[in-house]
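Take a look at the letters that make up each chain.
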Amino acid sequence: MRTFLLLLIFTGLVYPEIDFNNKKPKNTYSELVFSDEFQNEGKPDSRKWHHQIIPPNNGSWHNDELQHYTDREENSFVSDGTLKIRAIKEEYTYNGSTKEYTSARLNTKFAFTYGRVEVRAKLASNAGTWPAIWTLGANINETGNYLGDQYGNVGWPLCGEIDIMEQTGWDKNTTISHFHWGDLNTKEYMDTGGETPVANASTEFHIYAMEWDNESIKTYVDDTLVFELPNTDNKPLNHEHYLILNMAIGGNLGGDVPVDFTKDTFEIDYIRIYQ
């Protein structure tokens, strides 16, 4: 019997996949429901991506970030099979507010509940840069986002936030996964998370992933589990979210920007969402 079982495993006929440590089936997430392989040239595909450019905090972005986000091709473009989000040191004025840096913040025009998100990416290398792959609850109704109030209007943190990957501006050998939410019973702000070493994050591509169901949310770098959050009923993490790709400059996790900074790039090979 054992030989027969091993034969089934090696030939790929055992379904669903069994985790012999936990003695229960893993989620398979076999249906691709959203993807971008970035095979076009020029601006990101406008059927899939929305540039969020309106600063929601009195002419600035939250977390003391130093940049304006733009929809210009200088700050986000596709070439040679990858999306580049580029932060540039340059004076830029938007609606009367002037900043010394520009970058890009892209929202998917797709909202989803549960599944597996994979983003293969190479991160920025310069101090002061803060690249991120994350989601917000689609009911946030944040200034300038694509979905508006069609899913609700609860604001942050009651919408819930899942930071699949963040990288600080002062430690380019580590990535962070973090969760923020408002408790649905008490309305109290809550957060938790973890981190993992990624020594070559700026020179090699890695797969930053999330697996999300009604019991837990797990984040990974390649095959390494970074953090697992129990998805309990008091968390706003059982409804539609949308994905965000951005790179901030300075701020809470960007930190100090070197005086000789000129530009840096956050490069994404593909994004795939399975259910």
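Just so it is clear, the structure is predicted and the values come from calculations on it, not from any experiment. (Residues numbered from 1 in each chain as written. Predicted model: local features only at pLDDT ≥ 70, side-chain atom pairs only at ≥ 80, totals over all residues. Heavy atoms only, no water.)

Chemist: I keep staring at the layout of surface pockets and nothing clicks. Help me out?
Modeler: With a probe scaled to a water molecule rolled over the atoms, the places where space remains empty come into view. Computed from the structure, the second largest pocket encloses a volume of approximately 530 Å³. Put simply, the parts of the chain that give the lining of the second largest pocket at least two residues each are β11 (129-137), β12 (161-166) and α2 (251-254). In terms of residue count, β11 provides more of the lining of the second largest pocket than any other element does, four residues in total. Tallied by class, the residues present in the lining of the second largest pocket amount to nine nonpolar, eight polar and six charged. (1 Å grid on protein atoms, 1.4 Å probe; cavity = no way out; pocket = protein on both sides within 12 Å on 5 of 7 lines; lining within 4 Å. Points joined across faces, edges and corners; volume = space filled by probe spheres on them. Helix = DSSP H or I, 4+ residues; strand = E, 2+ residues; numbered from the N terminus. Nonpolar A, V, L, I, M, F, W, Y, C, P; charged D, E, K, R; others polar.)

Chemist: Which parts of the structure should I look at to understand the sheet that holds β11?
Modeler: Strand pairing in a sheet relies on backbone hydrogen bonds. The paired strands run either parallel or antiparallel. Spatial ordering of the open sheet is given by β4-β9-β18-β11-β12-β13-β14, a layout of seven strands whose pairing is antiparallel. With one partner strand each, in any of the chains shown, β4 (49-51) and β14 (189-197) form the two edges of the open sheet. If you compare each strand with its neighbour and ignore which way they point, the axes differ by 20° on average. Two strands pair when backbone bridges link them, and β4 and strand β9 (residues 105-112) are joined in this way by three bridges, in the antiparallel orientation. From the neighbouring strand, Trp49 faces β9, where its bridge partner is Thr108. (Pairing = 2+ DSSP bridges. Axes fitted to C-alpha atoms, helices over the stretch in contact; angles between N-to-C directions.)

Chemist: For this particular structure, what's the right way to read the nonpolar core?
Modeler: The nonpolar side chains of a soluble globular protein tend to be buried, and buried together. One finds Val119, Ile133, Tyr208, Leu245, Phe266 and Ile268 to be the most contacted residues of the largest nonpolar core, which totals 43 residues. Excluding anything up to four places from it in sequence, Ile268 contacts Phe38, Thr82, Leu83, Ile85, Val119, Arg120, Ala121 and Leu245. Ala132, Cys159, Tyr242 and Ile244 belong to the second largest nonpolar core, which has ten residues in total. (Core = buried A, V, L, I, M, F, W, Y, C linked by side-chain atoms within 4.5 Å. Buried < 20%, exposed > 50% of the residue type's maximum accessible area, 1.4 Å probe, protein only. Contact = heavy atoms within 4.5 Å.)

Chemist: Looking at this structure, I do not really get the pattern of salt bridges. What am I missing?
Modeler: When the charged atoms of two side chains with opposite charge come close together, those side chains can pair. Enumeration over the complete set of coordinates arrives at nine salt bridges. For the salt bridge of Glu118 with Arg116, the shortest nitrogen-to-oxygen distance reads 2.7 Å. Here the two residues Glu118 and Arg116 agree in accessibility, since each one is buried. Here the residues in one salt-bridge network are Lys84, Lys122 and Glu267, joined through shared partners. (Salt bridge = Lys/Arg side-chain N within 4 Å of Asp/Glu carboxyl O.)

Chemist: Just checking my understanding: could you explain the side chain of Ser76 for this structure?
Modeler: Note on placement: Ser76 falls in strand β6 (residues 76-79). On the basis of relative accessible area, Ser76 is assigned to the buried category, the value being 0%. For Ser76, the side chain forms a polar contact with the side chain of His51, separated by 2.7 Å. If sequence neighbours within four positions are ignored, Ser76 has contacts with Pro44, His51, Lys84, Ala104 and Leu106. (Polar contact = N/O pair within 3.5 Å; in protein donor to acceptor, adjacent residues only side chain to side chain.)

Chemist: Just to check I follow, could you spell out the confidence of the model for the protein for this structure?
Modeler: Low pLDDT marks stretches whose predicted atomic positions should not be read closely. In the predicted model, the protein carries a mean pLDDT of 92, and the fraction of residues at 70 or more is 90%. In this model residues 1-25 is a low-confidence stretch, pLDDT under 50, and it forms 16 contacts with partners more than four residues away in sequence or in other chains. (pLDDT = per-residue confidence, 0-100.)

Chemist: Would you mind showing me how to read the environment of Phe38 here?
Modeler: By secondary structure assignment, the location of Phe38 is in the loop between β3 (32-36) and β4. Residue classification places Phe38 among the buried residues on the basis of a relative accessible area of 1%. As for Phe38 and Ile271, which are separated by 233 residues in sequence, their C-alpha atoms are 8.8 Å apart.

Chemist: Sorry if this is basic, but what is going on with the side chain of Gln52 here?
Modeler: Positionally, Gln52 belongs in the loop between β4 and β5 (67-69). Leaving out residues up to four positions away in the same chain, Gln52 has contacts with Trp61, Tyr69, Arg105, Asn107, Glu142, Thr143, Gly144 and Asn145.

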